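Here's the letter readout for the chains.
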Amino acid sequence: MSNELNKIKAKIRALTSKTTENGCTEAEAITAMQKVGELLEVYNLNLTDVQLSEEICIEDKVFLRRRTIPRWAHVFASIGAFTQTKPWTNRPYIYFFGFEPDVQMAVYLSNVVLNAMETETAAFKRTEAYLSLTRRRFATNSFKLGLARRLDERLVRPAGKGIVLHKMAAVETELRNQQPDLRFRSRPNQRVRINRDAYNAGQEAGDRVNLNRPVGGSVGVLTTSPPS
């Protein structure tokens, strides 16, 4: 039955590609969609099942460029939610598991964030406001928290909750199959004191970060390897 079902799913995927954008007539596209509906009903499938069945799950990691988990590491959970991947930390790496294109995007965004943390923090340290401070490390940490919080706000996936939940369920099932001994521990929320001006400066910096993936760009160009 599984081989037959795979053939049906392949047929449905082929039918869904018959659109006017792909050169079919409107009548051909309508007929194809009608056939898709019939097959989905007969085999008790939904289109998400069919689309996900041809994807494979992979794991990849990003070097944090430091040996400890920073207070602003929650931004990687936001990246995971945005890309529909499962993230976790194992110092000094952030891991992502999910469908291959989603993991590639998560890795790309993580490196964008890490680059922004370095470049924007360096720029902040050159400002008069920073140079006039006595508690500069406190201000730097506040700046990074503000930057990360703004990125959290920007990394919010739009509508499509049902499909997202279905996809994440498939990812988590596959992760349990591949790594049954993997256990997750949530990090407790901690109240932290901040320098409000530095925090606000960090949020402004978060607005400047370009989160759009370049067309035709390689996801590996921003990757930084750990020191040997």
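What you are looking at is a predicted structure, and each value in this text was computed from that prediction instead of being measured.

A. Spotlight on the packing of aromatic side chains. For the coordinates displayed, the defined rule picks out 6 aromatic pairs. Ring centres of Trp72 and Phe76 lie 6.1 Å apart, and the angle between their planes is 40°; on these two criteria the pair is classed as tilted. Both residues of the pair, Trp72 and Phe76, count as buried. An aromatic cluster is defined as three or more aromatic residues linked by ring pairs; in this entry it consists of Phe63, Trp88, Tyr93 and Tyr95. Over the aromatic face of Phe138 sits the side chain of Arg135, whose NZ or CZ is 4.3 Å from the ring centroid.

B. Structural view of the sheet that holds strand β3 (residues 93-99). Taken together, the 3 strands give an open sheet; going across it, the order is β1-β3-β2, and neighbouring strands pair in antiparallel fashion. The open sheet is flanked by β1 (57-63) and β2 (86-90), the only strands paired with a single partner. For this sheet, the mean inter-axis angle between neighbouring strands, taken without regard to orientation, is 20°. One ladder, built from 5 bridges, connects β2 with β3; its direction is antiparallel.

C. A look at the side chain of Lys144. Positionally, Lys144 belongs in helix α7 (residues 136-154). Glu118 provides the closest opposite charge to the buried, unpaired Lys144, separated from it by 8.5 Å. Ignoring sequence-local partners within four residues, the contact set of Lys144 consists of Trp72, Met117 and Thr121.

D. Spotlight on the confidence of the model for the protein. Looking at the protein as a whole, its pLDDT mean stands at 79, while 75% of the residues score no less than 70. Long-range and interchain partners of residues 215-228, a stretch whose pLDDT sits below 50, account for 17 contacts in this model, where long-range means more than four residues apart.

E. The environment of Phe124, seen in detail. Residue position: Phe124 is located in helix α5 (residues 100-124). With 16 residues separating them along the chain, Phe124 and Thr140 place their C-alpha atoms 8.1 Å apart. Once residues lying within four places of it in the same chain are set aside, the contact partners of Phe124 are Tyr130, Ala139, Thr140, Phe143, Ala198 and Ala201.

F. Layout of helix α4 (residues 74-83). Residues Val75, Phe76, Ser78, Ile79, Gly80 and Thr83 constitute the buried set of α4. Contacts from the buried residues of α4 go to β2, β3, α5 and α7. Gln84, located one to two residues past α4, shows a positive phi value of around 60°.

Basis of the calculations
- Residues numbered from 1 in each chain as written.
- Predicted model: local features only at pLDDT ≥ 70, side-chain atom pairs only at ≥ 80, totals over all residues.
- Heavy atoms only, no water.
- Phe/Tyr/Trp six-rings, centres within 6.5 Å; stacked < 30°, edge-to-face > 60°.
- Buried < 20%, exposed > 50% of the residue type's maximum accessible area, 1.4 Å probe, protein only.
- Lys NZ or Arg CZ within 6 Å of the ring centre and 35° of its normal.
- Pairing = 2+ DSSP bridges.
- Helix = DSSP H or I, 4+ residues; strand = E, 2+ residues; numbered from the N terminus.
- Axes fitted to C-alpha atoms, helices over the stretch in contact; angles between N-to-C directions.
- Lys, Arg positive; Asp, Glu negative; His and termini not counted.
- Salt bridge = Lys/Arg side-chain N within 4 Å of Asp/Glu carboxyl O.
- Contact = heavy atoms within 4.5 Å.
- pLDDT = per-residue confidence, 0-100.

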